[in-house]
Amino acid sequence: MISAYILINTEDGSENVFKSVKRLGEAFLVYGIYDIILKVQATSIDELKEIHLQLASVPNVRGTLTLIVNDSLDFAKRTLRCLACGSEMPLDAKYCGICGAKLLNV
Ligand SMILES: [Zn+2]
């Protein structure tokens, strides 16, 4: 499962955007340079992209910034999970041995 926080800027009318995006995840109206924080969960990057497309189609959304939670490192098991296919690879692997995706490392 992939968790992401999406920071949203809105045109006037944050309330309407808020009502629309609540169906996509856990949403909070916030003060500051962003107007709404939306926490979403997806089973794949493709599903996350789909959520992003739905978000982009909501009227009065001016811009978004998506932060994907990095929970792919398991220091206890010394493994790294591929975000694309979910396979576990050694901590020092650069690419997934199953699907070939580049692995995110810190
Ligand atoms: Zn993979």
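Quick caveat, the model's predicted, so the values are computed rather than measured. Within each chain, residue numbers correspond to sequence positions counted from 1 in written order. At least 70 in pLDDT is required for a residue's local features to be given in this predicted model, at least 80 for side-chain atom pairs to be given and counted, and no such filter applies to totals for whole chains, interfaces and linings, which use all residues.

*Asks:* Help me understand the overall build of the chain, please; the structure alone is not making it clear to me.
*Replies:* Numbered from the N terminus, helices here are DSSP runs of H or I no shorter than four residues, and strands are runs of E no shorter than two. Across its full length, the chain carries two helices and seven strands. From first element to last, N terminus to C terminus, the chain shows the α and β order β-α-β-β-α-β-β-β-β. For a compact globule the rule gives 2.2 Å times the number of residues to the power 0.38, and the radius of gyration it is set against comes from C-alpha atoms. For 106 residues, the compact-globule estimate of 2.2 N^0.38 gives 13 Å, and the chain exceeds it by more than 25% at 16 Å. For the C-alpha atoms alone, the extent of the chain along its principal axes is close to 50 × 25 × 20 Å. When each of the 106 residues of the chain is scored for burial, the buried share is 16%. Within the chain, contacts between residues at least 6 apart in sequence are counted, and of these 46% link residues at least 24 apart. Neighbour density around each residue's C-beta defines its exposure: 20 or more other C-beta atoms within 10 Å make it buried, 12 or fewer make it exposed, and counts between make it partly exposed, where C-beta atoms are placed from the backbone. Working definition of a contact: two residues with C-beta atoms, positioned from the backbone, lying within 7 Å.

*Asks:* I would appreciate a short explanation of the nonpolar core in the present structure.
*Replies:* A general feature of soluble globular proteins is that nonpolar side chains tend to end up buried together. Joined through C-beta atoms within 7 Å, a set of buried Ala, Val, Leu, Ile, Met, Phe, Trp, Tyr and Cys residues constitutes a nonpolar core. By size, the foremost hydrophobic cluster in this structure holds 11 residues: I6, I8, V17, V21, A27, I36, L38, V40, L48, I51 and L55. Apart from the residues within four sequence positions on either side, L48 is in contact with I2, A4 and A42.

*Asks:* Just checking my understanding: could you explain the sheet that holds strand 7 (residues 88–90) for this structure?
*Replies:* Adjacent strands of a sheet pair through backbone hydrogen bonds, lying either parallel or antiparallel. Only when DSSP finds a minimum of two bridges between them are two strands counted as paired. Strand order in the open sheet formed by three strands is 5-6-7, and the pairing between neighbours is antiparallel. The outermost strands of the open sheet, each flanked by one partner alone, are strand 5 (73–74) and strand 7. Summarising the sheet, strand 6 (residues 79–81) and strand 7 pair through three bridges and their orientation is antiparallel. Counterpart to R81 in the pairing with strand 7 is E88.

*Asks:* Help me understand the domain arrangement of the chain, please; the structure alone is not making it clear to me.
*Replies:* Note on interface size: it is often stated as the accessible area lost on association of the parts. What the domain assignment reports for the chain is domain 1 (2–68) and domain 2 (72–106). Here the C-alpha centroids of domain 1 and domain 2 sit 27 Å apart. Domain delimitation in this document rests on an assignment produced automatically or drawn from a domain database.

*Asks:* Quick question: what am I supposed to make of helix 2 (residues 45–56) here?
*Replies:* Helical geometry: 3.6 residues make up each α-helical turn, so side chains three or four residues apart lie on a common side. Between its terminal C-alpha atoms helix 2 stretches 16 Å, which fits the 16 Å expected from 12 residues at 1.5 Å a residue. Taken as a whole, helix 2 has its buried residues at L48, I51 and L55. Along the long axis of helix 2, the arc covered by the buried residues comes to 55 degrees, so they all point the same way. Within helix 2, the exposed residues directed more than 90 degrees away from the buried face are D46, K49, L53 and A56. The elements touched by buried residues of helix 2 are strand 1 (2–10), helix 1 (14–21), strand 3 (36–42) and strand 4 (61–68). Here the expected span of a helix is defined as 1.5 Å times the quantity of residues minus one. As used here, the arc is the angular range of directions from the helix axis to the C-beta atoms.

*Asks:* So what exactly am I meant to see when it comes to the environment of A27 here?
*Replies:* Counting through the fold element by element, A27 comes out in strand 2 (residues 26–29). Judged by C-beta crowding, with 20 C-beta atoms within 10 Å, A27 ranks as buried.

*Asks:* Got a minute to help me understand the sheet that holds strand 4 in this structure?
*Replies:* A sheet is described by the order of its strands in space; here four strands give the open sequence 2-3-1-4, paired in antiparallel fashion. In this open sheet, the two strands that pair with only one neighbour each are strand 2 and strand 4. Across this sheet, the average inter-strand angle for adjacent strands is 20 degrees, counted without regard to direction. Bridging between strand 1 and strand 3 involves seven bridges; their strand directions are antiparallel. Considered in strand 3, the bridge of I2 is made with A42. Angular values range over 0 to 180 degrees, each being the angle between N-to-C directions of two axes fitted as lines to C-alpha atoms, with helices fitted over their stretch in contact.

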